[in-house]
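# Fold and geometry: a report
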Amino acid sequence: VGTTAELDMVDRTLRLLIAGIDPISARAGRFAGGPHGMSFATRLPSGRADPIRAVDAVLAVDGAHRLVLRWTPRMRPAPGIVLRPEQAELLAGVGRLELSYWRVDAGGHGSWVDRWSGPDIPGLVRLRLMFRPPDRRHWPDIVAATMLEVPQ
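Since the model is a prediction, treat every value here as computed from it, not as a measurement.

### Here's the deal with the overall build of the protein chain
Along the protein chain, the regular secondary structure elements total one helix and nine strands. Along the chain direction, N to C, the helices and strands of the protein chain fall in the order α-β-β-β-β-β-β-β-β-β. Taking all 152 residues of the protein chain together, the buried fraction comes to 34%. Considering only residue pairs separated by 6 or more positions, the protein chain has 51% of its internal contacts joining residues 24 or more positions apart.

Dropping the structure here:
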């Protein structure tokens, strides 16, 4: 039950982060997707009384085989203040993270690609997590939609 709850929490967190990707930020170079990690601007729930925070984030598997989220608040600090990145372990024992991005061409045909850059964000992001042996858990792919338009 504990393992299922952990995976469910990570699934919901990843979907929330991807759904919160700022579509305008891609034009400023704040979205770059590779096959094993991505950097993006999103909204991070703070868990405190303050509202959701805007952050620049990186999602990847580190050398200790942990799925980690690193983020820096996207705000202008006071003079003399340096914003340092924060990091959270989302999941331990990860052997590999594979990412792909849904691209629609000018003819309206879509396909998954393993890299993304440019002035737009993908409509969907697919995350595939594989665990390190001897862990036999299998996690279905997570396919999460991004917010393609800025809400009014």
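So, next bit.
### Comments concerning the pairing of strand 4 (residues 66–73)
Summarising the sheet, strand 3 (residues 53–61) and strand 4 pair through seven bridges and their orientation is antiparallel. Bridging across to strand 4, L59 finds its partner in L69. Hairpin connection, strand 3 to strand 4: the antiparallel pair is bridged by four residues, and H65 has positive phi, about 65°. Inspection of the sheet shows strand 4 paired to strand 5 (residues 86–92) by six bridges, in the antiparallel sense. The residue bridging L69 from the neighbouring strand is A88, located in strand 5.

### Describing the sheet that holds strand 2 (residues 37–44)
On the basis of which strands lie adjacent, the open sheet formed by five strands has the order 1-2-3-4-5 and antiparallel pairing. Each having just a single partner strand, strand 1 (32–33) and strand 5 make up the two edges of the open sheet.

The rules behind each value
- Residues numbered from 1 in each chain as written.
- Predicted model: local features only at pLDDT ≥ 70, side-chain atom pairs only at ≥ 80, totals over all residues.
- Heavy atoms only, no water.
- Helix = DSSP H or I, 4+ residues; strand = E, 2+ residues; numbered from the N terminus.
- Buried < 20%, exposed > 50% of the residue type's maximum accessible area, 1.4 Å probe, protein only.
- Contact = heavy atoms within 4.5 Å.
- Pairing = 2+ DSSP bridges.

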